[in-house]
Amino acid sequence: MKIALASDHAGFRLKERIKEYLARKGIMYEDFGTFDEEPVDYPDLAYKAASAVQKEVCGRGILVCGTGIGVAIAANKLKGIRAALCSDHFSASCARAHNDANILTLGARVIEDELALQIVDIFLETPFDGGRHLKRIKKIEMLENENCLK
Ligand code: RB5
């Protein structure tokens, strides 16, 4: 599974650390930018990586900005994207097991690099639980299709 990576300028340094980490673990990735610390607009970068996940060019995505909030909001505008901002182990585990999150977002100005890398591990290794959670994901898909829920 290939991972789509992207960040804005605030997330650039952590994205580079995540790249090194994935490479060391032999995990394939595609870097959609940004490629330096010049200011950029996070929706542009979030869109590039989230599109790759949406089109199944990449199996999952990891997006980084200052807080992780902007990239999460932007990525979640794309149909089929379930982007989860995680700043702790438990949220990362639930984002996969309960929400089947296909994108992890991280706040480079919020958490330390080591914690971010641990969260990346949990996000990549935790399977979706399915079962009762699947029904809830289906309801999110209904919302995407602008169908009313009963
Ligand atoms: C950039 O200064 C900052 O606003 C951005 O990285 C992010 O935190 C937005 O949500």
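In what follows, the structure referred to is the one given above.
This report concerns the structure included in the present document. Because the structure is predicted, anything quoted here is derived from the model rather than measured.

About the criteria used
Residue positions are given per chain, counting from 1 as you read along its sequence in written order. Side-chain atom pairs in this predicted model are given and counted only at pLDDT of 80 or more, local residue features only at pLDDT of at least 70, and totals for whole chains, interfaces and linings cover all residues. Processing note: side-chain calculations cover all non-hydrogen atoms of the structure and skip hydrogens and water entirely. Working definition of a nonpolar core: buried Ala, Val, Leu, Ile, Met, Phe, Trp, Tyr and Cys residues. They are joined through side-chain atoms within 4.5 Å. Type-normalised accessible area, obtained with a 1.4 Å probe on protein chains alone, sets the label of each residue: buried when under 20%, exposed when over 50%, and partly exposed for intermediate values. For helices the rule is a DSSP run of H or I covering at least 4 residues; for strands it is a run of E covering at least 2, with both sets numbered from the N terminus onward. A contact between two residues is defined here by any heavy atoms of the two lying within 4.5 Å. Surface patches are drawn from residues lacking salt bridges whose relative accessible area is over 30%; two like charges belong together within 9 Å, two nonpolar side chains (Val, Leu, Ile, Met, Phe, Trp, Tyr) within 5 Å. To be clear on the numbers: accessible area is Shrake-Rupley with a 1.4 Å probe, and residue cover counts the displayed protein chains and nothing else. What counts as a salt bridge is simple: a side-chain nitrogen of Lys or Arg found within 4 Å of a carboxyl oxygen of Asp or Glu. Note on pairing: two strands pair once DSSP finds at least 2 bridges between them. By convention, a crossover is right-handed whenever its connection, traced from the first strand over the helix to the second and viewed with the strands pointing away, goes clockwise.

## Overview of the nonpolar core
Across soluble globular proteins, nonpolar side chains have a tendency to be buried as a group. By size, the foremost hydrophobic cluster in this structure holds 24 residues, and its most contacted members are Ile18, Ile62, Leu104, Leu106 and Val120. Mapped by element, the contributors of at least two residues to this core are strand S1 (3-7), helix H1 (12-24), strand S3 (60-65), helix H4 (89-97), strand S5 (103-107) and helix H5 (113-125). It is H5 that contributes the most residues to this core, 7 residues altogether. Residues in contact with Val120, not counting those within four places in the same chain, are Ile18, Leu22, Ile62, Leu104 and Leu106. Core analysis: the second largest hydrophobic core is formed by 19 residues, Cys65, Val71, Ala74 and Ile81 among them.

## Side note on a nonpolar patch on the surface
A cluster of nonpolar side chains, namely Ile69, Ile73 and Leu85, defines an oily patch on the protein surface of about 260 Å² accessible area. Looking at the element boundaries, Ile73 is found in helix H3 (residues 69-75).

## Describing the pairing of S1
With 5 of its 5 residues buried, S1 lies for the most part within the structure. Burial of the side chains of S1 extends over both faces: Ile3, Leu5 and Ser7 are buried on one face and Ala4 and Ala6 on the other. In terms of strand pairing, S1 meets strand S2 (residues 29-31) through 3 bridges, oriented parallel. Note on S2: the bridge partner recorded for Ala4 is Glu30. For the crossover that starts at S1, traverses H1 and ends in the parallel S2, the hand is right-handed. Sheet topology places S1 next to S3; 5 bridges connect them, and they run parallel. The residue bridging Ser7 from the neighbouring strand is Val64, located in S3.

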